[in-house]
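# Topology and contacts: notes
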Amino acid sequence: MKNKSFALHVPPDARSYCEELYNQYQFDFFLSRPRRTRLGDFTVKPGTTPRITVNVNLNPYNFLITYIHEVAHCAVHYLYKGRLRKRVAPHGIEWKREFERLLQPVMNENIFPEDILAALLRYSKNPTASTGGDTLLFNAIRKYDEQALNSGRVALVQLNEGSSFVFQNRQFTRGILRRTRVLCTDKASKRLYTIPAHALVEAC
């Protein structure tokens with residue numbers, strides 16, 4: 001079943017464009033409960049309609065960026081579907097081009113605050129798999145995220161290497177950044193884990 005519940009979660013001036021993308025790319029859309037490891041996702045299986053989800057707790061600007069991020073995956077899927085000789089990386093050059101192209105109509109001050117817009121314009125030239133990996137953009141977005149601000153948590157990527165933090169009720173030590181995830185050590189077990197750079201954690 002199709003679902004257009006994104007309409008009330010994006011800035012008002014972006015709603016018609018979001019619906020235009022929804023109608024053009026023909027995907028099912030669902031709001032998701034908050035997830036610690038992802039803001040949204042795109043999935044498609046043979047013989048089924050593509051599916052996009054976005055976390056329900058995102059502020060309107062983060063929701064819009066995440067929504068377009070996932071629609072870009074859908075656009076790439078339709079562009080290269082059936083071209084078996086061409087392997088398309090999830091966040092490769094094809095996705096980067098589509099994401100930048102799809103962002104263009106909303107990159108203006110009627111939709112984004114000036115601080116987010118400036119960071120987004122720079123980020124869109126070479127977008128990464130997660131906005132959490134771009135400190136300037138992440139910090140600009142987070143200023144408008146009341147839930148994050150009120151929780152006293154910070155993004156893992158903002159901590160210095162060697163810092164201690166709590167994530168999912170376990171204590172870790174932050175290690176090096178590996179693209180969109182951070183290598184961390186569980187203090188109790190000494191085992192290594194990779195945690196999304198944008199994950200909200202409690203600094204010790």
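Let us look at the structure shown here. (Residues numbered from 1 in each chain as written. Predicted model: local features only at pLDDT ≥ 70, side-chain atom pairs only at ≥ 80, totals over all residues. Heavy atoms only, no water.)

## Topic: the packing of helix α1 (residues 15-25) against helix α2 (residues 60-80)
Worth spelling out the cut-off: The convention used is that axes are lines fitted to C-alpha atoms, helices contributing only their stretch in contact, and that angles between N-to-C directions extend from 0 to 180 degrees. Strands are runs of DSSP state E lasting at least two residues, helices are runs of H or I lasting at least four, and both sets are numbered from the N terminus onward. Roughly parallel covers angles under 35 degrees, roughly antiparallel covers those over 145, roughly perpendicular covers 65 to 115, and oblique covers all other angles. In this scheme the handedness of a crossing depends on how the near helix is turned from the far one: anticlockwise by less than a right angle means left-handed, clockwise means right-handed. When checking whether two residues touch, look at their non-hydrogen atoms; a contact exists if any pair is within 4.5 Å. As a working rule, the residues Ala, Val, Leu, Ile, Met, Phe, Trp, Tyr, Cys and Pro are called nonpolar, Asp, Glu, Lys and Arg charged, and the rest polar, with Gly in that last group.
Running from amino to carboxyl end, α1 crosses α2 at an angle of 20 degrees, the nearest separation of the two axes being 11 Å. For the element pair α1 / α2, the angle class is roughly parallel. Every pair of crossing elements has a handedness; the one defined by α1 and α2 is left-handed. Packed against α1, whose contacting residues are Y17, C18, L21, Y22 and Y25, the element α2 presents L64, Y67, I68, V71, C74, A75 and Y78 at the interface. Here the residues of the contact of α1 with α2 are counted per class, giving 12 nonpolar, no polar and no charged.

## Let's talk about the nonpolar core
Note the threshold: In this description, a nonpolar core means a group of buried Ala, Val, Leu, Ile, Met, Phe, Trp, Tyr and Cys residues linked to one another through side-chain atoms lying within 4.5 Å. Any residue under 20% of the maximum accessible area for its type is buried, any over 50% is exposed, and the rest in between are partly exposed; the area is computed with a 1.4 Å probe on protein chains only.
Counting 42 residues, the largest nonpolar core has F27, F29, L64, Y67, I68, V106 and F112 as its most contacted members. Only α1, β3 (51-55), α2, α3 (93-103), α4 (114-123) and α5 (135-142) provide two or more residues apiece to this core. Tallying contributions element by element places α2 first for this core, with 11 residues. Those residues in contact with F27 that lie beyond four places of it in its chain are L21, Y22, T49, P50, I52, Y67, V71 and C74. In this structure, F172, C184, A197 and V201 belong to the second largest nonpolar core, which totals 14 residues.

## With respect to the packing of aromatic side chains
Quick reminder of the rule: The criterion for an aromatic pair is that two Phe, Tyr or Trp rings (for Trp, the six-membered ring) have centres within 6.5 Å, with stacked assigned to planes under 30 degrees apart, edge-to-face to planes over 60 apart and tilted to the rest. Charge-over-ring contacts are defined here by two conditions on Lys NZ or Arg CZ: a distance within 6 Å of the ring centre and an angle within 35 degrees of the ring normal.
Applying the stated rule across the entire model yields 13 aromatic pairs. An angle of 90 degrees between the planes, with centres 5.4 Å apart, marks the rings of Y22 and F27 as edge-to-face. On the basis of relative accessibility, which here comes to 0%, the residue F27 falls in the buried class. Among the aromatic residues, those joined into a ring-pair cluster are F6, Y22, F27, F29, F63 and Y67. The ring of Y193 carries the charged tip of R170 above its face, separated from the ring centre by 4.9 Å.

## Observations regarding the pattern of salt bridges
The line we're drawing: We define a salt bridge as a contact between a side-chain nitrogen of Lys or Arg and a carboxyl oxygen of Asp or Glu at a distance within 4 Å.
Within this structure, the stated rule accounts for 7 salt bridges. One salt bridge in this structure joins R35 and D41, with 3.3 Å as the shortest N-O distance. Of the two residues, R35 and D41, neither departs from the other in class, the shared state being buried. One salt bridge in this structure joins K143 and D115, with 2.8 Å as the shortest N-O distance. In this pair, K143 sits in the loop between α5 and α6 (146-151) while D115 sits in helix α4, placing the two residues 28 residues apart along the sequence. Accessibility expressed as a relative area gives 25% for D115, which makes it partly exposed. Each of R35, R38 and D41 takes part in salt bridges that share partners, so that together they form one network.

## What about the sheet that holds strand β1 (residues 28-32)?
In plain terms, the rule: Strands pair, by our definition, only if DSSP identifies at least two bridges between them.
Taken together, 3 strands build an open sheet; the order of strands is β1-β3-β2 and the sheet is mixed. In this open sheet, the two edge strands, each paired with only one partner strand, are β1 and β2 (40-43). In this sheet, adjacent strand axes meet at a mean angle of 15 degrees when their direction is disregarded. Both β1 and β3 contribute to a ladder of 5 bridges, which runs parallel. If you follow F29 over to β3, its bridge partner there is I52. Here α2 sits on the sheet in contact with β1, β2 and β3, set at roughly 165 degrees to β3.

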